[in-house]
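Now for the letters of each chain:
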Amino acid sequence: MQVMSNRSERRILSLFLPSWPIDRRFGRSARPDRPFVLATRAGGRRIVTAVSAGAALEGIAPGIGLADARALDPALLVEEADFIADAAALAKLAAWCDRFSPWITPCGADGILLDITGSAPLFGDEMGLACQAV
């Protein structure tokens, strides 16, 4: 008995970049030593939209008010969120991913989807492709 695999099955690789706005500004090596957040105005108050690892360790999370974040850390560094620049940089990163797949698209504000159907053998296997993409 021979088992045939379904070759029409799509294989999608999802790259999730949970700290994309912070990474876009500072990369991985040039981050400030102090806790850092991005914030925007929502209604009549300022809301945290992204946090550095240091800010997260202090209990600061996206969605809380900036006043509450500053209560947790009065020396908190704050910059204005720039959603348009974040989206443009994510689109540029997605275009760079064309070396892994002919079909790539940004997904939300912090992800990229790649159709790797048929591409994996070029990198050894799916894990090899994923490791190189990361």
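Residues numbered from 1 in each chain as written. Predicted model: local features only at pLDDT ≥ 70, side-chain atom pairs only at ≥ 80, totals over all residues. Heavy atoms only, no water.

A. Main features of the layout of surface pockets. Approximately 260 Å³ is the volume found for the second largest pocket. Around the second largest pocket, the lining comprises 16 residues; the ones closest to its centre are P21, T49, D86, A109 and D110. At the level of elements, β3 (45-51) and α4 (83-96) are the ones that each hand at least two residues to the lining of the second largest pocket. At four residues, the largest contribution of residues to the lining of the second largest pocket is made by α4. (1 Å grid on protein atoms, 1.4 Å probe; cavity = no way out; pocket = protein on both sides within 12 Å on 5 of 7 lines; lining within 4 Å. Points joined across faces, edges and corners; volume = space filled by probe spheres on them. Helix = DSSP H or I, 4+ residues; strand = E, 2+ residues; numbered from the N terminus.)

B. Fine view of the pairing of strand β5 (residues 103-106). Taken together, the four bridges between β5 and strand β6 (residues 111-115) define a ladder with antiparallel strand orientation. Pairing of W103 across the sheet is with D115, part of β6. Counting the residues in the hairpin turn of β5 and β6 gives four residues, including G108, whose phi is positive at 70 degrees. (Pairing = 2+ DSSP bridges.)

C. Structural detail: the pattern of salt bridges. Counted under the stated rule, the structure contains seven salt bridges. Between D115 and R10 there is a salt bridge, with its nearest N and O atoms 3.0 Å apart. Here D115 is found in strand β6, whereas its partner R10 is found in the segment before β1 (12-16), with 105 residues between them in sequence. Linking R11 and E126 is a salt bridge whose minimum nitrogen-to-oxygen distance equals 2.7 Å. On the criterion of sequence distance, the pair formed by R11 in the segment before β1 and E126 in helix α5 (residues 126-133) is long-range, its members being 115 residues apart. By relative accessible area, which is 33% here, E126 ends up partly exposed. One salt-bridge network, held together by shared partners, links R24, R25, E79 and D86. (Salt bridge = Lys/Arg side-chain N within 4 Å of Asp/Glu carboxyl O. Buried < 20%, exposed > 50% of the residue type's maximum accessible area, 1.4 Å probe, protein only.)

D. Looking closely at α5. Considered for burial, the residues of α5 that qualify are G128, L129, A130 and A133. Where α5 is buried, its residues touch β1. In this structure D125 caps α5, since a side-chain oxygen of it lies 3.2 Å from the backbone nitrogen of M127. (Contact = heavy atoms within 4.5 Å. Polar contact = N/O pair within 3.5 Å; in protein donor to acceptor, adjacent residues only side chain to side chain.)

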